[in-house]
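# A closer look at the structure
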There are 2 protein chains.
Amino acid sequence: MELREFRVFLAVAEEGSVSAAARRLRVSQPAVSQTIAALEQQTGLDLLVRRSTGVGLTDAGTVLAAEARAVLARYEQALTAVGQFATTGDTELRIGVPLEFPPLLLPDAVAALASTHPRTRVAVRHLSSATQLDALRAGDLDLGLLRSRPADRDLDAMVVVEEKLGVLLAATAERPDPDSVRLESLAGLSWVGFPRADSPVWFDEIAAVLRSHGLNPGSPAAPGQSLIAEVKFAAVSAGQAFTFAPEKWTQPLPPSVAWTALTGAPLVRRTWAVWLADSRRRDLAALVSHLDQG
Amino acid sequence: MELREFRVFLAVAEEGSVSAAARRLRVSQPAVSQTIAALEQQTGLDLLVRRSTGVGLTDAGTVLAAEARAVLARYEQALTAVGQFATTGDTELRIGVPLEFPPLLLPDAVAALASTHPRTRVAVRHLSSATQLDALRAGDLDLGLLRSRPADRDLDAMVVVEEKLGVLLAATAERPDPDSVRLESLAGLSWVGFPRADSPVWFDEIAAVLRSHGLNPGSPAAPGQSLIAEVKFAAVSAGQAFTFAPEKWTQPLPPSVAWTALTGAPLVRRTWAVWLADSRRRDLAALVSHLDQG
DNA sequence: ACCGCCCATAAGCGAGGCTTATCGCGGCCG
DNA sequence: CGGCCGCGATAAGCCTCGCTTATGGGCGGT
């Protein structure tokens, strides 16, 4: 299974014909036949149905075609990236950011990076922690910012922020002490947060804290409809729910919502910077150290 | 640039030594030297710094190493998928779903698919329209459900849902007619929706409608902090904002929020099923047809 | 029935990637 | 300070693999 074989197979799949594929690839027809035969032997699958008018894909062939396309696409992307570096010297540093990441931290670090590594272009994407882990391992992301330390051996991690969380409540909620609340006193409300799939570890931490204070974390939203968050969060200012938030909330709060400190249950949200342990990128190392000092 | 060269280069990069890489790959040292030389010639870049104690990566080498890792990772994934099919006959059909997709539509179609194609495992991911387009083209997604018809020639598309949108308003809002509102009457409120980057086409459609009715679409949230939606949406029930929603809203509305039909400006949200035009997957075709009839 | 196009098979050839042999260089130790 | 060892580069030969041309069987259209 080599790229050459993928290219040949895709040509056959797209042309629906061995001969036509051979013409397109500017090789002889037997060369294509041999390559297909080799693929079928390696996979142990019938990839093509031979008809007298040409060939069609079997189900197995369809699977292989899709995978082959994906591999070749990633390969082309790699060539582009290398070519880009060869001509302009520019490198892209791809960073993933979770929800509610302190908005100043990253721009400051990126600005510091720009002065020392002017040829590094930073591309930031909003991604859940789980997605970032996959992307890091797949090489589609250079630096992740996530809400849990990965167990993985070949990922390095460093805490970049620790935020002491308070709660957001409806401004009209009755509070014995206006400056702080205890989790237990929120028993009548439901917690609104984020889908568990986005960051299972952090979700479970929160759920454990809630349970230990007599609160019901609530049924996690059913997969497939987990993100219909718009209406849910309206519940906060309607006095039906609460959510956690750090004290230094950067967005202006609407008057109907107020932040209050938590007492009794220090809930700390950590955000880790995570990167492939065997990455030797100096711009990445520089950015991480800026995040560390910032 | 072939996979073999990538593997050799990565071995050298990870070992920090040509000789050690050769031992690991169970080939002779000159074979590795020759491969590296070929790579350097093809790229026109110096990939390694030769030190008497071994070799190190140049910046160019670091870029290539990262790309090579990504390509090989995708390649391994392809082998796994094909092997999976070869042994179990199972195929994965990867589907992307946007926010607020009618929750029954997909499960029904998937159930219908399961009866005709029992070996197809469906994997659903919540992704923005923009992300889905990339994933489709990269071969990382088999079927996308998005809020705009792609201009792309090699993507086929079909409308699966048209939803006539109304507005969600604070239940306490004054409404001359309780059963419908005109967009113009919402001039004092701000629209809360989704980040433009998630689905630029649909966003711009909405923005155009708003402007044509004398409303200000508002400044799109600054990139990098666009998704801090929790507090924003509290604004709806606080009477500061409105959002669009189809009439058949599946989640129970909190009492502080009410749905109202729109008159004067029929705003229709279409969701398209999108797939690679040259995909011949029969399970995909079956699912699409179920979505069409459902 | 024949011709044309399809794909598969067979046999020969050439290039590319392997091998072994050898060199130059620098670090390290006696 | 000299010799030695391990590093990587170069040279030359060989073998495998993927190409070629030649050919055969099967099916459809005229």
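Going by the structure above, here's the rest.
What comes next is a walk through the structure.

Cut-offs used in this document
Residues numbered from 1 in each chain as written. Chains lettered and ligands numbered in written order. Predicted model: local features only at pLDDT ≥ 70, side-chain atom pairs only at ≥ 80, totals over all residues. Heavy atoms only, no water. Helix = DSSP H or I, 4+ residues; strand = E, 2+ residues; numbered from the N terminus. Buried < 20%, exposed > 50% of the residue type's maximum accessible area, 1.4 Å probe, protein only. Contact = heavy atoms within 4.5 Å. Polar contact = N/O pair within 3.5 Å; in protein donor to acceptor, adjacent residues only side chain to side chain. Near = heavy atom within 4 Å. Nonpolar A, V, L, I, M, F, W, Y, C, P; charged D, E, K, R; others polar. Salt bridge = Lys/Arg side-chain N within 4 Å of Asp/Glu carboxyl O. Pairing = 2+ DSSP bridges. Right-handed = clockwise from strand over helix to strand, strands pointing away. Phe/Tyr/Trp six-rings, centres within 6.5 Å; stacked < 30°, edge-to-face > 60°. Expected span 1.5 Å × (residues − 1). Core = buried A, V, L, I, M, F, W, Y, C linked by side-chain atoms within 4.5 Å.

## A look at the overall build of chain A
- A tally of helices and strands in chain A yields nine helices and 11 strands.
- Looking at chain A residue by residue over its 294 residues, the buried ones come to 50%.
- Counted over contacts in chain A with a minimum sequence separation of 6, partners at least 24 positions apart contribute 74%.

## With respect to helix H2 (residues 18–25) of chain A
All names here are of chain A.
- Every buried residue of H2 is listed here: Val18, Ala20, Ala21 and Ala22.
- Residues of H2 that are buried sit in contact with helix H1 (3–15), helix H3 (29–43) and strand E2 (54–57).
- The backbone nitrogen of Ser19 has a side-chain oxygen 3.2 Å away, supplied by the residue at the start of H2, namely Ser17.
- Two residues or fewer past H2, Arg26 is found with a positive phi of approximately 60 degrees.

## A look at the side chain of Arg269(A)
- When you line up the elements, Arg269(A) lands in strand E11 (residues 268–276).
- For Arg269(A), the side chain forms a polar contact with the side chain of Glu100(A), separated by 2.9 Å.

## Here we look at the protein's contact with DNA strand C
- As a matter of local geometry, DNA strand C sits amid 19 residues, with Val18(A), Ser19(A), Ser33(A), Arg50(A) and Ser28(B) nearest to it.
- Protein-proximal atoms of DNA strand C, defined as those within 4 Å of the protein, fall in sugar or phosphate at a share of 61%.
- Listing elements by their share of the surface near DNA strand C, those giving two or more residues are H2, H3 and E2 of chain A together with helix H3 (29–43) of chain B.
- Residue classes in the surface near DNA strand C are distributed as six nonpolar, 11 polar and two charged.

## Let's talk about the pattern of salt bridges
All names here are of chain B.
- One pass over the full model with this rule turns up 37 salt bridges over all chains.
- A salt bridge links Arg50 to Glu40, with the shortest nitrogen-to-oxygen separation between them at 3.1 Å. Here Arg50 is found in strand E1 (residues 48–51), whereas its partner Glu40 is found in helix H3, with 10 residues between them in sequence.
- We classify Arg50 as exposed; its relative accessible area is 53%.
- Glu40 sits in the buried class, given a relative accessible area of 13%.
- A salt bridge links Glu184 to Arg182; the nearest nitrogen and oxygen atoms lie 3.9 Å apart.
- The class of Glu184 is partly exposed, set by a relative accessible area of 37%.

## Thoughts on the pairing of strand E4 (residues 120–126) of chain A
All names here are of chain A.
- Across seven bridges, the pairing between strand E3 (residues 91–97) and E4 is parallel. Bridged to Gly96 within E4 is Arg125.
- As a crossover connection, the stretch from E3 through helix H5 (residues 105–116) into E4 is right-handed.

## Structural notes on the packing of aromatic side chains
- Under the defined criterion, the tally for this structure stands at eight aromatic pairs over all chains.
- An angle of 45 degrees between the planes, with centres 6.2 Å apart, marks the rings of Phe6(A) and Tyr75(B) as tilted. Here Phe6(A), found in helix H1, pairs with Tyr75(B), found in helix H4 (residues 59–88), and the two come from separate chains.
- On the accessibility criterion, Phe6(A) (1% relative accessible area) is buried.
- Here the aromatic cluster, defined as three or more aromatic residues joined through ring pairs, consists of Trp191(A), Phe203(A), Phe242(A) and Phe244(A).

## Thoughts on the environment of Ala13(B)
- Among the secondary structure elements, Ala13(B) is positioned in helix H1 (residues 3–15).
- Taking the C-alpha atoms as reference, Ala13(B) lies 8.0 Å from Val55(B); in sequence the two are 42 residues apart.

## Observations concerning the protein's contact with DNA strand D
- Lining the immediate environment of DNA strand D, one finds 19 residues, of which Ser28(A), Val18(B), Ser19(B), Ser33(B) and Arg50(B) sit closest.
- In DNA strand D, atoms within 4 Å of the protein come 60% from sugar and phosphate.
- Residue Arg4(A) places a side-chain N or O atom 3.3 Å away from a phosphate oxygen belonging to DNA strand D.
- Here Gln29(B) contributes a side-chain N or O atom positioned 2.9 Å from a base nitrogen of DNA strand D.
- Elements with a minimum of two residues in the surface near DNA strand D: H3 of chain A together with helix H2 (18–25), H3 and strand E2 (54–57) of chain B.
- When its residues are assigned to classes, the surface near DNA strand D shows six nonpolar, 11 polar and two charged.

## Section: the environment of Leu168(A)
- One can find Leu168(A) in strand E6 (residues 155–170).
- As for Leu168(A) and Thr243(A), which are separated by 75 residues in sequence, their C-alpha atoms are 5.3 Å apart.

## Concerning helix H9 (residues 282–293) of chain A
Residues and elements named next belong to chain A.
- For H9, spanning 12 residues, the distance from its first C-alpha to its last is 17 Å, which sits close to the expected 16 Å at 1.5 Å a residue.
- Looking only at H9, the buried set comprises Asp283, Leu284, Ala286, Leu287, Val288 and Leu291.
- If you follow the buried residues of H9, they end up packed against E3, H5, E4, strand E5 (143–146), E6 and E11.

## Digging into the nonpolar core
- By size, the foremost hydrophobic cluster in this structure holds 58 residues, and its most contacted members are Phe6(A) and Phe6(B).
- Counting residues per element, the ones that place at least two in this core are H1, H2, H3 and helix H4 (59–88) of chain A together with H1, H2, H3 and H4 of chain B.
- Those residues in contact with Phe6(B) that lie beyond four places of it in its chain are Tyr75(A), Met1(B), Leu64(B), Ala68(B), Val71(B) and Leu72(B).

## Observations concerning the environment of Phe85(A)
- Position of Phe85(A) relative to the elements: it lies in helix H4.
- Residue class for Phe85(A) comes out buried when judged on its relative accessible area of 13%.
- Sequence separation between Phe85(A) and Arg119(A) is 34 residues, and the spatial gap between their C-alpha atoms is 9.3 Å.
- Discounting residues that sit within four places of it in the chain, Phe85(A) has contacts with Asp90(A), Thr91(A), Leu45(B), Asp59(B), Ala60(B) and Val63(B).

## Let's talk about the pairing of strand E10 (residues 257–263) of chain A
All names here are of chain A.
- Relative to E10, E6 runs antiparallel, the two sharing four bridges. Residue pairing for E10: Val167 is matched across the bridge by Thr260.
- As judged from the three bridges shared by strand E7 (residues 180–182) and E10, these two strands associate in the parallel manner. Bridge pairing in E10 places Val181 opposite Leu262.

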